[in-house]
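A structural walkthrough
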Amino acid sequence: MPDQVIQVSAELNYEVVIGRGLMGRLPLLISGATRVAIIHAPTLQAQAQALSQSLNDQNFEVTLIALPDAEAAKSASVVETCWTVLGVQGFTRSDVVVGLGGGATTDLAGFVASTWLRGIKVIQVPTTLLAMVDAGVGGKTGINTDAGKNLVGAFHSPSGVLCDLEFLTSLNNEDLVAGMAEVVKVGFTSDPEILKIIQSDVSGAIDPTGAVIQELVRRAVQVKADVVSADFKESRNGQALGREVLNYGHTFGHAVEREENYRWRHGAAISVGMCFVAELARQSGRLSDQDADLHFSILEGLGLPTTYASGHWEDLFEAMHMDKKARGSVIRFVVLEGIGRPVAWDGPDPALLAAAYDAISRHQ
Ligand code: GLY
């Protein structure tokens, strides 16, 4: 399948390229730079070194910065270490950061780039499905602090994104399937064809070597590109849904992640979160049984969780009040009035929320 290119117009105009064997495109994306910092996940040392060698051969001065694993990368002390390295290496405004890894790496690399000299170029090379279809595209960057996850950050558009599907072949099945939850999310909110493709070929959808996954990534990235091009800073007010549509399933999903002390994969929590809002919409008469049931069948078919243990409602309800999308004391949800018809819903009756939780609860 040929490479596919999707345009984003948000703060910067840039391209997201989807294909296989894309690293040869990097020199053109960083042309004009003298120094390049490849900020990478610890598991990608060999790939980072190979990339460094090929950029050295083209006369770039390359610095490798290996991060701690996963969310441990997203700390103020890691940012400070990166700033120190950039300072020692003399990074100027025309130099470039490359983020090579999953969502934690692209969030951190983007934040370092957004703050160094008040903002230098970052090229994102997401290596997980989740990062390809969500974190690596769209310019949200950030770190975690004692106050919570992603509460410190900046909007900083990448200057280019390379989604090289070859990286997916070394991803374990759980991570691949968890990333698919974000693909399903945009299927429900914005591109129902995604749901049809997954329904008709589940094993193709999670075959990292196949053409089906490339089509799914292309469709999911296209939705994200359109959304961030229209509302880069998530600044739509009132009932209009801009970038907030990407939060479908996330209000309850974030609460589950918190309740599980962040040991669940993000995609697994979002899967349960989508089932929760599907029940909420069904029980309030907004969504048909057929469309609500489709959430459970598609997500279960992929091997994603659709239920959560009973007995946690008070904690989950409390956690939802602390979600970034809450306004004052009002919890805000994205719900569907049909497939592809998302709307905002502020402050549903707590009894309805409890009933939706009951419907997805596993009663032991
Ligand atoms: N991950 C949600 C967003 O980019 O807005």
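Note: the structure precedes this text.
Computed from a predicted model, the values in this text were never measured in an experiment. Every residue gets a number counted from 1 within its own chain, in the order that chain's sequence is written. Since the coordinates come from a predicted model, pLDDT governs what is reported: local features require at least 70, and pairs of side-chain atoms require 80 or more to be given and counted, while whole-chain, interface and lining totals use all residues. Only hydrogens and water are set aside; all other atoms, that is, all heavy atoms of the structure, feed into the side-chain values.

1. What to know about the site of the ligand
Cut-off, in case you're wondering: Proximity criterion: a residue is near a molecule or strand once any of its heavy atoms comes within 4 Å of it. Polar contacts, as used here, are pairs of N or O atoms within 3.5 Å; protein pairs need one atom able to donate a hydrogen and one able to accept it. Residues neighboring in sequence count only if both atoms are side-chain atoms. In this description, accessible areas are obtained by the Shrake-Rupley approach with a 1.4 Å probe, and a residue is regarded as covered only by the protein chains that are shown.
Around the ligand, the structure places Asp134, Lys140, Lys224, Arg243 and Leu246. Side-chain polar atom of Lys224 to an oxygen atom of the ligand: 2.5 Å apart, as the coordinates give it. Within the side chain of Arg243, an N or O atom sits 2.7 Å from an oxygen atom of the ligand. Contact with the protein chains removes 82% of the 200 Å² of surface that the ligand exposes when unbound.

2. Brief notes about the pairing of strand 7 (residues 140–145)
This is how the line gets drawn: The pairing criterion for strands is at least two bridges between them, as found by DSSP. Only runs of H or I of at least four residues qualify as helices and only runs of E of at least two qualify as strands under DSSP, and these elements are numbered from the N terminus.
By the bridge criterion, five bridges tie strand 7 to strand 8 (residues 148–155) in an arrangement that is antiparallel. Across the sheet, the residue bridging to Gly142 is Gly153, located in strand 8. With antiparallel pairing between neighbouring strands as the criterion, strand 7 and strand 8 make up a hairpin whose turn holds two residues.

3. Considering the environment of Asp346
Put simply, the rule reads: Any two residues whose heavy atoms approach within 4.5 Å are treated as being in contact.
Within the secondary structure, Asp346 sits in strand 12 (residues 342–346). Residues Asp346 and Ser203, spaced 143 residues apart in sequence, show a C-alpha to C-alpha distance of 38 Å. When near neighbours in sequence (up to four residues on either side) are disregarded, Asp346 contacts Gln239, Val330, Ile331 and Arg332.

4. Focus on helix 3 (residues 76–89)
Basically, it comes down to this: A helix is expected to span 1.5 Å for every residue after the first. In this scheme, a residue with accessible area under 20% of its type's maximum is buried, one over 50% is exposed, and one in between is partly exposed, where area comes from a 1.4 Å probe on protein chains only. Throughout, the arc means the angular range of directions from the helix axis out to the C-beta atoms.
A rise of 1.5 Å per residue sets the reference length of helix 3, with its 14 residues, at 20 Å; its end C-alpha atoms lie 20 Å apart and thus fit the reference within 8%. Within helix 3, burial applies to Val78, Val79, Cys82 and Leu86. Down the axis of helix 3, the sector holding all buried residues measures 100°, keeping them to one side. Looking at helix 3, the residues exposed on the side facing more than 90 degrees away from the buried face are Ser77 and Val88. The secondary structure elements touched by the buried residues of helix 3 are strand 3 (35–40), strand 4 (61–66), helix 4 (103–115) and strand 7.

5. Section: the side chain of Thr189
Note that Thr189 resides in helix 6 (residues 173–189). A residue is classified by how much of its surface remains accessible, and Thr189, at 3% relative accessible area, is buried. Of note is the side chain of Thr189, whose polar atom sits 2.8 Å from the side chain of Ser190. Sequence-distant contacts of Thr189, defined by excluding residues within four places in its chain, comprise Val245, Tyr248, Leu336, Gly340, Arg341 and Pro342.

6. Quick look at the sheet that holds strand 1 (residues 4–10)
The line we're drawing: Here the axes come from fitting lines to C-alpha atoms, over the contacting stretch only for helices, and the angles between their N-to-C directions go from 0 to 180 degrees.
Spatial strand order, 1-2-9-6-5-3-4: seven strands in an open sheet with mixed pairing. Whereas interior strands pair on both sides, the edge strands pair on one side only; in this sheet they are strand 1 and strand 4. Sheet twist, expressed as the average angle between the axes of neighbouring strands with direction ignored, equals 15°. Bridge count between strand 3 and strand 5 (residues 96–101): five bridges; the pairing is parallel. In the strand pairing of strand 5, Ala37 is matched with Val97. Contacting strand 3, strand 5 and strand 6 (121–126), helix 4 crosses the sheet at an angle of about 170° to strand 5. In the packing of helix 9 (residues 211–230) onto the sheet, contacts are made with strand 1 and strand 2 (12–19), and the angle to strand 1 comes to roughly 15°.

7. Concerning the environment of Leu22
By the element assignment, Leu22 lies in the loop between strand 2 and helix 1 (26–29). Overall, the relative accessible area of 0% leaves Leu22 in the buried class. Separated by 134 residues in sequence, Leu22 and His156 have C-alpha atoms that sit 23 Å apart. If we skip the residues at most four places from it in the chain, Leu22 touches Asp3, Val17, Leu162, Cys163 and Asp164.

8. Things to note about the packing of aromatic side chains
Rules: Between rings of Phe, Tyr and Trp, where Trp is taken as its six-membered ring, a pair exists when centres lie within 6.5 Å; planes separated by under 30 degrees are stacked, by over 60 edge-to-face, and by other angles tilted.
Counted according to the given criterion, the structure contains eight aromatic pairs. Summarising the aromatic geometry, the rings of Phe252 and Tyr357 are spaced 6.4 Å apart at their centres and angled 45° between planes, so their arrangement reads as tilted. Here Tyr357 lies in helix 14 (residues 350–360) and Phe252 lies in helix 10 (residues 250–259), a separation of 105 residues in the sequence. Given a relative accessible area of 1%, Phe252 falls into the buried group.

9. Overview of the nonpolar core
Note the following rule: For this analysis, a nonpolar core means a set of buried residues of the types Ala, Val, Leu, Ile, Met, Phe, Trp, Tyr and Cys, connected via side-chain atoms within 4.5 Å.
Counting 100 residues, the largest nonpolar core has Val16, Phe252 and Phe276 as the members making the most contacts within it. The element that contributes the greatest number of residues to this core is helix 11 (residues 266–283), accounting for 10 residues. Not counting chain neighbours up to four residues away, the residues in contact with Phe252 comprise Val272, Gly273, Phe276, Trp313, Leu316, Met320, Tyr357 and Ile360. Of all hydrophobic cores here, the second largest spans 20 residues; its members include Ile65, Phe111, Trp116 and Ile120.

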